[in-house]
Amino acid sequence: MTATARRRRARSLRRLKARARRGAWGAGAVVALVAALTWRTVWPYVVGAVVAALLGGIGWWLLRAHRRAVAGDHAWRAEEEHRARELAMSDVDAMTWQRFERYVADLCRRDGCTQVQVSGKAGDLGADVIGLMPDGRRLVIQCKHYAPHRTVGSGEMQKFLGTAKAEHGADVAVYVATCNFTAAAEKLAVKHEILAMHRDLLGAWVRGATLASLIPLNGTGGGARSGRRPAL
């Protein structure tokens, strides 16, 4: 494009813009004139529209503020529950493994289990705690009192799997640990209907959740592959 053609195009654009501005001013003047002439008729509608817009804006702001407050409250409650659970778990961490097995038995009794017994000896083939669920099903529990940073692997889960039902006739088999399980161990437990009660689920049990309510949560929350918390 030549310089002359560019200048012509620039002048055309300026004329179009000027014409558009004059048209906009003219339209505005017409609207203002019509509004002035019919103000007594249209003013209620204008005021109503303004008030409706203001109320809508206030309502939208209040809704946003409410949602933020609810979200903040939920986050605060979740954090408080987690902190309280960890405080309770600090007492569990301080137990010996023998005391931990007796404590697990106490939790079972608290939840209505009967005929609860603690093995407390080597060679128990994974049955550290046995008893009956409130509905009469046979309960077998393997307990592991490990440091929180450790994990229970699939090999240990396989050993319990091989004895819980075949040797002890468990209807409800629970592997309870003060740490988490590896993803492979957790997957194996879910596949064979063994409750892998990792640290978070144990914390919920300590805090008052019943054993029966935790069974459906098997494979969720707090495991080695996830940071989620159980929804109680």
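Everything numeric in this text was worked out from a predicted model, so none of it was measured. (Residues numbered from 1 in each chain as written. Predicted model: local features only at pLDDT ≥ 70, side-chain atom pairs only at ≥ 80, totals over all residues. Heavy atoms only, no water.)

Draft legend 1. Highlighting the side chain of Thr163. On the secondary structure map, Thr163 appears in helix H4 (residues 154-164). Judged by its relative accessible area of 13%, Thr163 is buried. Once you skip the residues sitting within four places of it in the chain, Thr163 turns out to touch Leu125, Gly126 and His168. (Helix = DSSP H or I, 4+ residues; strand = E, 2+ residues; numbered from the N terminus. Buried < 20%, exposed > 50% of the residue type's maximum accessible area, 1.4 Å probe, protein only. Contact = heavy atoms within 4.5 Å.)

Draft legend 2. Main features of the sheet that holds strand E5 (residues 172-177). Strands sit in the order E1-E2-E3-E5-E7 across an open sheet of five strands; the sheet is mixed. Only two strands of the sheet have a single neighbouring strand rather than two, namely strand E1 (114-118) and strand E7 (194-197). Across the sheet, the axes of successive neighbouring strands diverge by a mean angle of 15°, strand direction being ignored. Each of strand E3 (138-144), E5 and E7 is contacted by helix H6 (residues 199-206), which is oriented at about 85° to E7, the strand it contacts most. (Pairing = 2+ DSSP bridges. Axes fitted to C-alpha atoms, helices over the stretch in contact; angles between N-to-C directions.)

Draft legend 3. Up close: helix H3 (residues 97-110). With 14 residues, H3 ought to run about 20 Å at 1.5 Å a step, and its terminal C-alpha atoms sit 20 Å apart, in line with that. Listed in full, the buried residues belonging to H3 are Phe100, Glu101, Tyr103, Val104, Ala105, Leu107 and Cys108. Positive backbone phi, at 95°, marks Gly112, one or two positions downstream of H3. (Expected span 1.5 Å × (residues − 1).)

Draft legend 4. Structural view of unusual backbone geometry. Here the phi dihedral of Gln115 falls at roughly 50°; this positive angle occurs in a residue that is not glycine. Relative to the assigned elements, Gln115 resides in strand E1. Unusually for a residue other than glycine, Glu193 sits at a positive phi of about 60°. As for its position among the elements, Glu193 is in the loop between helix H5 (183-191) and E7. Taking the relative accessible area as the measure of exposure, Glu193 reaches 62% and is therefore exposed.

Interpretation in functional terms is not warranted from these geometric data alone.
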